[in-house]
Amino acid sequence: MKIENLFRIAWRAINRNRLRTFLTMLGIIIGVAAVIAMLAIGEGSKQSIQSQITAMGSNLIMVRAQSNAQGGMRLDNTTVLSLTEKDIEALKKNPQFINAISPSVSTKGQAINGTYNYSTTLQGVTPEFLSIRSWTLQDGIPFSNQDVKRAAKVCLIGQTVINTIFPNEKNVIGKFFRFKKIPFKIIGILAVKGTNTFGQDQDDVILTPITTVQQRILSSTYYQNIFASAIDEKSTENASDEIERVLRTSHKLQKGTENDFTVRTQAELISTFSSTSQILTILLTVIASISLIVGGIGIMNIMYVSVTERTKEIGLRMAIGARGNDILIQFLIEAILISITGGIIGVVLGITMTKLVTYFAHWPTLITETSVLLSFLVCFITGVFFGYYPAQKASRLDPIEALRYE
């Protein structure tokens, strides 16, 4: 029998019981919609994490002061004295893969302007910090190396701090505020960066010359962190290895001795967060796929019922020349049509659900062609797998016994 005739027969059989067919499809519809939505949320979050980390500088390298482990415990980097000016000089001496370096120290305190005050972070850095972090100024000018040398009381201020302590000011360039009783002059406004991957408000910061924080607030010559950038993104790993090698030499660490600092690159952060996101996506997708299995079982069940109801029809068709293979293909086509039709509705529903999640929950989502094609492939496999056994049962019926069936 021609395949197109088998398709017509299968389609007519499905149309005869539309409500029952739709209820059978529900498991497939819900499963496909859930899988597409989960994959879209997972891919969207992964892309969002990657873009946010890359926005910090794709070739950014961070060195953090850290104590050698003692009794399984480490001290916080604000209390560790392991990074010094000597390290910066060593890193700047004939660098191969390092483009720029900026040491960093920070302290928490109250920024005060008249009756307004706000608890924020004062971060001491060098002029190279802005280029390392790919951070531009919205207005004003950056501080200079001369400001660093004389520990000038000037600063670059984030938008969150401005909105809190200068709520009624349109232009704060040249304005003064106090931080731990020290007056600071605003010479620049940092471009808005928003919340980062860790949920931290990047605009809640004040940048000032590193010596200003060291000499006027912390009374320390040590650094808490070192920010560096590689000459290009491809050289990041080499630059990281170079920094570790130079610092170990500078700190006179013997072979086998653990580092008293940590070196992290953006690639490591992206890899870590992407792996976590991928695991969560897989977990959620597996849970959503249970609906597909339930839908497949529903298809198998309804096909067994259909075979039983149409036993006489099967016997009659066999009696007039239909082969067992024709009957098998006909019922298999019915199962696949139910599954694929449910898959199409599920894809539309899944895309709609994803758009609604983005609109109302403001979650980053990304629908990929792969997820849609994968859903159709799964639907086809589900139709074949769960429809085969009922179809096989129908193809093996004895024509005489089928015609006698009541």
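Residues numbered from 1 in each chain as written. Predicted model: local features only at pLDDT ≥ 70, side-chain atom pairs only at ≥ 80, totals over all residues. Heavy atoms only, no water.

Colleague: Explain the overall build of the protein chain to me, please; I cannot follow it from the model alone.
Modeller: Looking only at helices and strands, the protein chain features 13 helices and 10 strands. Expressed as a percentage of its 406 residues, the buried residues of the protein chain come to 47%. Long-range contacts, defined as pairs at least 24 residues apart, comprise 78% of the intrachain contacts of the protein chain with a sequence gap of at least 6. Approximately 21,100 Å² of the protein chain is accessible, and the part contributed by carbon and sulfur atoms is 59%. (Helix = DSSP H or I, 4+ residues; strand = E, 2+ residues; numbered from the N terminus. Buried < 20%, exposed > 50% of the residue type's maximum accessible area, 1.4 Å probe, protein only. Contact = heavy atoms within 4.5 Å. Areas by Shrake-Rupley, 256 points an atom, 1.4 Å probe, with all protein chains shown as cover.)

Colleague: What is the right way to read the packing of helix H10 (residues 311-319) against helix H11 (residues 324-361) from this model?
Modeller: A pair of packed helices is captured by two measures, namely the crossing angle of their axes and the spacing between those axes. Two elements in contact, H10 and H11, have axes separated by 10 Å at closest approach and are oriented at 140°. Between H10 and H11, the crossing angle belongs to the class labelled oblique. Crossing angle aside, the handedness with which H10 passes H11 is right-handed. Counted together, Glu-313, Ile-314, Arg-317 and Met-318 of H10 and Gly-324, Ile-327, Gln-330 and Phe-331 of H11 form the full contact between these two elements. Looking at the contact of H10 with H11, its residues break down into 4 nonpolar, 2 polar and 2 charged. (Axes fitted to C-alpha atoms, helices over the stretch in contact; angles between N-to-C directions. Parallel < 35°, antiparallel > 145°, perpendicular 65-115°, else oblique. Left-handed = near helix turned anticlockwise from the far one by under 90°. Nonpolar A, V, L, I, M, F, W, Y, C, P; charged D, E, K, R; others polar.)

Colleague: Please explain the nonpolar core as it appears in this structure.
Modeller: Most often, soluble globular proteins have nonpolar side chains that are buried together. Counting 57 residues, the largest nonpolar core has Ile-157, Phe-177, Leu-207 and Ile-243 as the members making the most contacts within it. Ranked by the residues each element gives to this core, the list is headed by strand S7 (residues 182-190), at 6 residues. Dropping the residues within four chain positions of it, Ile-243 is found in contact with Ile-61, Val-63, Leu-91, Ile-98, Ala-228 and Val-263. Judged by nonpolar contacts, the second largest core, of 34 residues, contains Leu-6, Met-25, Val-32 and Phe-331. (Core = buried A, V, L, I, M, F, W, Y, C linked by side-chain atoms within 4.5 Å.)

Colleague: Just to check I follow, could you spell out unusual backbone geometry for this structure?
Modeller: It is generally the case that most residues other than glycine have a negative phi and that most peptide bonds are trans. Unlike most non-glycine residues, Ser-219 shows phi in positive territory, near 50°. In the Ramachandran plot, His-362 falls in the positive-phi region, its phi being about 60° despite a non-glycine side chain. Within the element layout of this structure, His-362 appears in the loop between H11 and helix H12 (369-395). With relative accessibility at 64%, the residue His-362 sits in the exposed group.

Colleague: What should I look at first to understand the packing of aromatic side chains in this one?
Modeller: Working definition: an aromatic ring pair is given by the centre-to-centre distance plus the angle between the planes. Counted by the stated rule, this structure contains 6 aromatic pairs. Among the aromatic side chains, those forming a connected cluster through ring pairs are Phe-385, Phe-386, Tyr-388 and Tyr-389. Here the basic side chain of Lys-193 rests over the ring of Trp-135, its NZ or CZ set 5.0 Å away from the ring centre. (Phe/Tyr/Trp six-rings, centres within 6.5 Å; stacked < 30°, edge-to-face > 60°. Lys NZ or Arg CZ within 6 Å of the ring centre and 35° of its normal.)

Colleague: Help me out: how do you make sense of the pattern of salt bridges in this one?
Modeller: As a working rule, side chains carrying opposite charge can pair if their charged atoms are close by. Taken as a whole and judged by the stated rule, the model has 3 salt bridges. Residue Glu-169 pairs with Lys-175 through a salt bridge whose shortest N-O separation is 3.7 Å. In this structure Glu-169 comes out as partly exposed when scored by relative accessible area, which is 36%. When its relative accessible area of 31% is taken as the criterion, Lys-175 is described as partly exposed. Arg-323 is the salt-bridge partner of Asp-326, the closest N and O atoms lying 3.3 Å from each other. (Salt bridge = Lys/Arg side-chain N within 4 Å of Asp/Glu carboxyl O.)

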